[in-house]
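Spelled out, the chains give:
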Amino acid sequence: MTVTMQINGRKVQVQATPDSRLLDVLRGELGLKGTKEGCGEGECGACAVLINGQVANSCLLPLGQMENADIVTIEGLPADSPLAASFHACFAAQCGICTPGMMIAATALLNEHPQPTLEEIRWGLSGNLCRCTGYGRIYEAVLQVATGAAHG
Ligand code: FES
Ligand code: FES
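Residues numbered from 1 in each chain as written. Chains lettered and ligands numbered in written order. Predicted model: local features only at pLDDT ≥ 70, side-chain atom pairs only at ≥ 80, totals over all residues.

Comments concerning the sheet that holds strand 1 (residues 2-7)
Consideration 1: Overall, mixed pairing links the five strands, which are arranged 2-1-5-3-4 in an open sheet. At either margin of the open sheet sits one strand with a lone partner, and together these are strand 2 (10-15) and strand 4 (54-57). For this sheet, the mean angle separating the axes of adjacent strands, direction not counted, is 40 degrees.
Consideration 2: Across six bridges, the pairing between strand 1 and strand 2 is antiparallel. Across the sheet, residue Q6 finds its bridge partner in strand 2, namely K11.
Consideration 3: The sheet contacts of helix 3 (residues 99-112) involve strand 3 (48-51) and strand 4, and relative to strand 3 the element is tilted by about 35 degrees. (Pairing = 2+ DSSP bridges. Helix = DSSP H or I, 4+ residues; strand = E, 2+ residues; numbered from the N terminus. Axes fitted to C-alpha atoms, helices over the stretch in contact; angles between N-to-C directions. Contact = placed C-beta atoms within 7 Å.)

Below, the structure written as structure tokens:
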């Protein structure tokens, strides 16, 4: 089947079987390898993308459900955003497998609540696992954006 989507602001048409995972289409057909695969079972958030503004795990989404979806991957977030600068300044990225999903989830959180508390940040990122246990620095990076303390 052919599916038409908006990805990072560009209209894209993809031909694949309806049960192809969005994650594989992004990384394979479209070469957007910033979206990572961790568990492949909807548990870790490494594959998170924004779909119509909401966080979704692309490893669980069949292409057949993506017609006309508006999708943002990590490549679609501004590289010079306060969030990116804050992750950098706080050393919030370690191995980096979870980082794209964390930034996607943080973007959705900050879009919805520009000034979340630490508890709201913990809750907002609770679907994203970091095996390096770098949560403290990740939360701090998001908190600095929320409080206006981030650079950039
Ligand atoms: S790879 Fe999709 S949730 Fe873990
Ligand atoms: S930085 Fe290693 S899993 Fe998150």
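Considering the domain arrangement of the protein
Consideration 1: On domain assignment, one finds that the protein holds domain 1 (2-75) and domain 2 (82-146).
Consideration 2: Listed as interface residues are 15 residues of domain 1 and, on the opposing side, 13 residues of domain 2.
Consideration 3: Those elements that place two or more of their residues in the side of domain 1 that touches domain 2 are strand 3 and strand 4.
Consideration 4: A total of three residues in the side of domain 1 that touches domain 2 trace back to one element, the largest contributor, which is strand 3.
Consideration 5: Classifying every residue of the side of domain 1 that touches domain 2 gives eight nonpolar, six polar and one charged. (Domains from an automatic or database assignment. Nonpolar A, V, L, I, M, F, W, Y, C, P; charged D, E, K, R; others polar.)

Points about the pairing of strand 2
Consideration 1: Of all six residues making up strand 2, only zero are buried, and the element is barely covered by its neighbours.
Consideration 2: Adjacent in sequence and paired antiparallel, strand 1 and strand 2 are bridged by two residues, among which N8 carries a positive phi angle near 50 degrees. (Buried ≥ 20, exposed ≤ 12 C-beta atoms within 10 Å, placed from the backbone.)

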